[in-house]
Amino acid sequence: MALLTLEPFSDYFDTDAEAPAVDPAQTYKLSRFAYLHQDGDDTLIECPKSYARLVVQAPQAAAAFGVVGKGCTAEELAEAVDGLTLEGATEILGALLHAGMAEAVDADGNTPESQDQVLRSWEFHDLLFHARTRDGRHNYPAGGTYRFMTEFESPPPVKAVAFEETIPLFRPDLDEIIAHDPTLTEVQEARQSVRHYDREKPITLDQLGEFLYRVARIVDFWQLPLRRQGVTKRMTVAQRPYPSGGALYEQEFYVVVNQCDGLESGLYHYDPERHQLGRCCGRTEEVETLIARMAWASNTTPETRQVGIILTARFQRFAWKYASIAYALMLKHAGVVYQTMYLVATAMNLAPSGIGNGNSEVFARAAGTNYYEETSIGEFMLGSKLPPEQMYSLR
Ligand SMILES: Cc1cc2nc3c(=O)[nH]c(=O)nc-3n(C[C@H](O)[C@H](O)[C@H](O)COP(=O)(O)O)c2cc1C
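Remember, predicted model here, so these are calculated numbers, not experimental data.

A count of helices and strands for the protein chain gives 13 helices and 17 strands. Counting over 395 residues, the protein chain shows a buried share of 50%. Within the protein chain, residue pairs in contact and separated by at least 24 positions form 73% of the contacts whose partners lie at least 6 positions apart. Of the accessible surface of the protein chain, which amounts to about 19800 Å², a share of 49% is contributed by carbon and sulfur atoms.

The structure is reproduced here in structure tokens:
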């Protein structure tokens, strides 16, 4: 029986080409992109550079993974793995070469991969994420497959959560806004990231209310009938001012407050249906960390921060429908929301700035969410603008 089997999954894998011969004197090394993982009952070796995967059929093949990772000849591999013959070691190296997951090491200890300037810029997780969330480098189901439809109900479009303390928010008159707002082009041309605020006149609770109303409120709900594998269900979807794949709107908005006129410092959840805030907690250690993290990312100090908008995703809401691309789409949604927030803040003469990273572990602890169910995927800072003569930005 074979120690491992090669499973091509792409038309670009040349099945007619001969498997590369293994030179007994040659040292071979595994690609740093190759990985071994469990998929149901199968142990697989996969690699985002490859058009084929390897299915492990014997424990020696899995043990060999760790040895080829350091670089070895067929003889060294056979010596290092209990119960592996030279013939078996040659078979494993041959399969890794054939799948494009291992390469010959030159006299200086380099492989073509380690010398490739373009590939060097790719980190393992980024290339895997790219290859696995786009078509072309895998044959797993992808797209709106409704993969959990027959197993459980879709999580609701609005997070079901009750808070002891809720704060109703100001609802702006949209006709008034339409009559007085700057034009889209004026807003686009004026938009910039502003990280310094007017501490004498901080952002107000009403401004925060108008901002959230214009960015994130739920405008409408409706039901989509679904029929898959003989099962009929209805899924509630929504409409908000920004677009979202499948109208699913898996995102939640939280507001971390350091300084806001009319709102105590702490962490709040935005209810987009009732347009109100629910108070998650006051100024806990985790909330301090979230504020400090925003200050660090913007090269400012925590006491100067006003408001942070933290975007989370309720992962199951989205992964219920989409296979392979779910997380990638959630990040695209974060980008959609960032731009919407930039434009609305600019139209309102507020100071907006995106933030490139945040601490999802600390957020989950601060808000009391299950990390795997809902945690932060994006952060954005908001505050009051300084008078024009004192304003400065990176531009
Ligand atoms: C996704 C994203 C992440 C960003 N991350 C940060 C950040 O971590 N810290 C920061 O000070 N600015 C951040 N910014 C703001 C950019 O630095 C800013 O957009 C860029 O310098 C261009 O300047 P402008 O927005 O004023 O046109 C981010 C912007 C975006 C869209």
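The description of an aromatic ring pair uses the distance of the two centres, along with the angle that the planes make with each other. Counted under the stated rule, the structure contains 13 aromatic pairs. Arranged with centres 4.9 Å apart and planes meeting at 75 degrees, the rings of Tyr-254 and Phe-363 form a pair that is edge-to-face. With a gap of 109 residues between them, Tyr-254 in strand 11 (residues 251-257) and Phe-363 in helix 13 (residues 360-367) connect regions that are remote in the sequence. With relative accessibility at 1%, the residue Tyr-254 sits in the buried group. For Phe-363, a relative accessible area of 0% corresponds to the buried category. Taken together, the ring pairs connect Phe-129, Phe-315 and Tyr-327 into an aromatic cluster.

Turning to the packing of helix 10 (residues 285-297) against helix 13, a few remarks are in order. One can describe the packing of helix 10 onto helix 13 by two numbers: an axis separation of 9 Å at closest approach and a directional angle of 140 degrees. Taken together, the axes of helix 10 and helix 13 lie oblique to each other. Here helix 10 runs over helix 13; the crossing is left-handed. Residue-level inspection shows Glu-286, Thr-289 and Leu-290 of helix 10 in contact with helix 13, the latter providing Val-362, Phe-363, Arg-365 and Ala-366. Considered class by class, the residues forming the contact of helix 10 with helix 13 number four nonpolar, one polar and two charged.

Close to the ligand lie 13 residues; Arg-191, Ser-193, Arg-195, Ala-297 and Gly-356 are nearest. Arg-195 is positioned such that a nitrogen or oxygen atom in its side chain is 2.6 Å from an oxygen atom of the ligand. Within the backbone of Ala-297, a nitrogen or oxygen atom sits 2.9 Å from a nitrogen atom of the ligand. In isolation the ligand exposes 620 Å². Once the protein is present, 60% of that is buried. Among the elements of the structure, helix 12 (326-347) and strand 16 (350-355) are those that each provide at least two residues to the shell around the ligand. Of the residues forming the shell around the ligand, the biggest block, three residues, is contributed by strand 16.

Bringing the packing of helix 9 (residues 205-216) against helix 12 into the picture now. Here helix 9 crosses helix 12 at 140 degrees, and the two axes come no closer than 10 Å. Between helix 9 and helix 12, the interaxial angle falls into the category oblique. Remark: the crossing between helix 9 and helix 12 carries right-handed chirality. Contact residues: helix 9 offers Phe-211, Arg-214 and Val-215, while helix 12 offers Thr-340, Met-341, Val-344, Ala-345 and Ala-347.

Further remarks concern the domain arrangement of the protein chain. With domains assigned, the protein chain is organised as domain 1 (4-133) and domain 2 (148-390). Look at where the C-alpha atoms of domain 1 and domain 2 centre, and you get two points 43 Å apart.

A rise of 1.5 Å per residue sets the reference length of helix 10, with its 13 residues, at 18 Å; its end C-alpha atoms lie 18 Å apart and thus fit the reference within 8%. Taken as a whole, helix 10 has its buried residues at Val-287, Leu-290, Ile-291, Met-294 and Ala-295. Down the axis of helix 10, the buried set is contained in an arc of 135 degrees. They therefore lie on one face. Along helix 10, exposed side chains directed more than 90 degrees from the buried face belong to Glu-285 and Trp-296. One or two steps after helix 10, the chain reaches Asn-299, where phi turns positive at roughly 55 degrees.

For the rest of this paragraph, the subject is helix 6 (residues 124-133). Within helix 6, the full set of buried residues consists of Leu-127, Leu-128, Ala-131 and Thr-133. Among the structural elements, strand 3 (35-39), helix 5 (117-120) and helix 12 are those in contact with the buried residues of helix 6.

With that settled, consider the pairing of strand 9 (residues 220-228). Regular strands place their side chains on alternate faces of the sheet. Taken together, the nine bridges between strand 9 and strand 10 (residues 231-239) define a ladder with antiparallel strand orientation. Following the sheet pairing, Phe-221 is matched in strand 10 by Ala-238. Between the end of strand 9 and the start of strand 10, which pair antiparallel, lie two residues, with Gln-229 showing a positive phi angle near 45 degrees.

The next subject is the nonpolar core. Within the largest apolar cluster, 54 residues are counted, with the highest numbers of intra-cluster contacts made by Phe-211, Phe-253, Leu-277, Ile-309 and Leu-382. Every element with two or more residues in this core is listed here: helix 9, strand 10, strand 11, strand 12 (266-271), strand 14 (307-314), helix 11 (315-319), helix 12 and strand 17 (374-384). The leading source of residues in this core is helix 12, at ten residues. Sequence-distant contacts of Ile-309, that is, excluding residues within four places in its chain, are made with Leu-208, Phe-211, Phe-253, Tyr-254, Val-255, Met-341, Gly-378, Glu-379, Phe-380 and Leu-382. Core analysis: the second largest hydrophobic core is formed by 33 residues, Ala-34, Val-56, Phe-65 and Leu-97 among them.

What counts and what doesn't
- Residues numbered from 1 in each chain as written.
- Predicted model: local features only at pLDDT ≥ 70, side-chain atom pairs only at ≥ 80, totals over all residues.
- Heavy atoms only, no water.
- Helix = DSSP H or I, 4+ residues; strand = E, 2+ residues; numbered from the N terminus.
- Buried < 20%, exposed > 50% of the residue type's maximum accessible area, 1.4 Å probe, protein only.
- Contact = heavy atoms within 4.5 Å.
- Areas by Shrake-Rupley, 256 points an atom, 1.4 Å probe, with all protein chains shown as cover.
- Phe/Tyr/Trp six-rings, centres within 6.5 Å; stacked < 30°, edge-to-face > 60°.
- Axes fitted to C-alpha atoms, helices over the stretch in contact; angles between N-to-C directions.
- Parallel < 35°, antiparallel > 145°, perpendicular 65-115°, else oblique.
- Left-handed = near helix turned anticlockwise from the far one by under 90°.
- Nonpolar A, V, L, I, M, F, W, Y, C, P; charged D, E, K, R; others polar.
- Near = heavy atom within 4 Å.
- Polar contact = N/O pair within 3.5 Å; in protein donor to acceptor, adjacent residues only side chain to side chain.
- Domains from an automatic or database assignment.
- Expected span 1.5 Å × (residues − 1).
- Arc of directions from axis to C-beta.
- Pairing = 2+ DSSP bridges.
- Core = buried A, V, L, I, M, F, W, Y, C linked by side-chain atoms within 4.5 Å.

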